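Per-entry structural report
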Amino acid sequence: MRSLPSLLALALLLLAGSPAGAATLFVTNTKSDSVSVIDTNTFEVVATIAVGRGKPNRVVFHPEGRWAWVVYDKSHDLGVIDAETRKLVKRVKIGGNPYNLNFTPDGRHLLVLDWSSDSSNDEVIIYDLAAEKIDGRVEVSTWPAHSVFSRDGKRFYVSGETAGDLTVIDLATRTVVARHVHGGGDAMGLALTADGKTLYAAAGENKAVLKIDTTTNKPIGTIALPGIVHESTLTLDGRYLYTTLRKANKIAVVDTATDRIVATIPQKGYPDLVTMEPSGRYALVTNRWADLVSVIDVTTHRQVRTIPVGKAPHGMALRPR
């Protein structure tokens, strides 16, 4: 048995080799059938995980942090990655045409945003992970795209890509309690403030982001933007909203105190999704047609580097600590 001093020395050595706050970002490469793993301290790719054919699109971590679930656009199924071994362990079929997914905060259910197909409607499929079976369905409008939970986990907000709307679902009753139609097709990104009172909803072809009061589920403001808006993501301190204007190859940064654009950041190739790395200093952006993830300093709103990944990166998910 090792002595206490030697065990302490070993612990210090391990800590030295694993920087405080280290985290990994999983990025799906839709045309490489792979997931790139990025160390968010060094901004280097530390692993590439083969996930099989089927056009992997979105990736979301289960709250406990070990399992990453991948959506395949072409094969219309889901894959499960063991983040410890960095291997795909299984693929499962849930729904007819899954596009995106989310987990309930308690980790008990998987919510699959499913597009209409021969075997399913445009709906949210509620999947019981322990029982491994579908536990419920909530029909929504066409092409449910992005989603976010209320801070208390009781409500589930879903954007409708082609319908140009926002659907609010009560998870206890599994019913739609509100729907706001803004009419902007290509509607996707949703971002909830830390206090849970305001939801930012990208209105796509309306070239705007709506501010929704979560108490009334009605708009309280509109932020005009110079292009079709895809993604909307808040910085960790809530001071800025990062939006992607992917067809214009730009990111527009909005000051949330004034609702005014304070920076426009050119991107190389179709900026898609935005994730804030754990320290809150940098925004990470997939550039789908440039095969890279750009790193933007949110204190200066300037791109500081790019990270080459696989072909056509799209989805991103930070591994929970």
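Here we summarise the structure given alongside this text. Everything numeric here is computed off the predicted structure, so don't read it as measured data.

1. Here's the deal with the pairing of strand 10 (residues 123-128)
The buried fraction of strand 10 is high, at six of six residues. Every second residue of strand 10 is oriented toward a common face, with Glu123, Ile125 and Tyr127 on one face and Val124, Ile126 and Asp128 on the other, all of them buried. Across six bridges, the pairing between strand 9 (residues 109-114) and strand 10 is antiparallel. Its bridge partner being in strand 10, Leu111 is matched across the sheet by Ile126. Across six bridges, strand 10 lies against strand 11 (residues 133-139) in antiparallel orientation. The residue of strand 11 that forms the bridge with Asp128 is Lys133. Counted between consecutive antiparallel strands, the loop separating strand 10 from strand 11 contains four residues, among which Glu132 sits at a positive phi close to 55 degrees.

2. So, the pairing of strand 15 (residues 175-181)
In the sheet, strand 14 (residues 165-170) pairs with strand 15 via six bridges, with the strands oriented antiparallel. Its bridge partner lying in strand 15, Val168 is registered against Ala178. Connecting the antiparallel pair strand 14 and strand 15 is a turn made up of four residues, with Arg174 showing a positive phi of about 55 degrees.

3. Section: the sheet that holds strand 26 (residues 292-297)
As summarised here, the arrangement of the four strands in space is 24-25-26-27, forming an open sheet in which the pairing is antiparallel. Looking at strand neighbours, the two that pair on one side only are strand 24 (271-276) and strand 27 (302-308), the edges of this open sheet. Ignoring strand direction, the axes of neighbouring strands in this sheet form an average angle of 25 degrees. Taken together, the six bridges between strand 26 and strand 27 define a ladder with antiparallel strand orientation. When the bridges of strand 27 are listed, Asp297 appears paired with Arg302.

4. A closer look at the packing of aromatic side chains
In this structure the tally under the stated criterion is seven aromatic pairs. Ring centres of Tyr99 and Trp115 lie 4.3 Å apart, and the angle between their planes is 15 degrees; this geometry places the pair in the stacked category. Of this pair, Tyr99 sits in strand 8 (residues 98-103) while Trp115 sits in the loop between strand 9 and strand 10; the two residues are 16 residues apart in sequence, bridging distant segments of the chain. As far as burial versus exposure is concerned, Tyr99 and Trp115 are alike and both buried. The positively charged end of Arg91 is found above the aromatic ring belonging to Tyr72, 3.7 Å away from the centroid.

Calculation rules
Residues numbered from 1 in each chain as written. Predicted model: local features only at pLDDT ≥ 70, side-chain atom pairs only at ≥ 80, totals over all residues. Heavy atoms only, no water. Buried < 20%, exposed > 50% of the residue type's maximum accessible area, 1.4 Å probe, protein only. Helix = DSSP H or I, 4+ residues; strand = E, 2+ residues; numbered from the N terminus. Pairing = 2+ DSSP bridges. Axes fitted to C-alpha atoms, helices over the stretch in contact; angles between N-to-C directions. Phe/Tyr/Trp six-rings, centres within 6.5 Å; stacked < 30°, edge-to-face > 60°. Lys NZ or Arg CZ within 6 Å of the ring centre and 35° of its normal.

No statement about biological role is implied by the geometric values presented.
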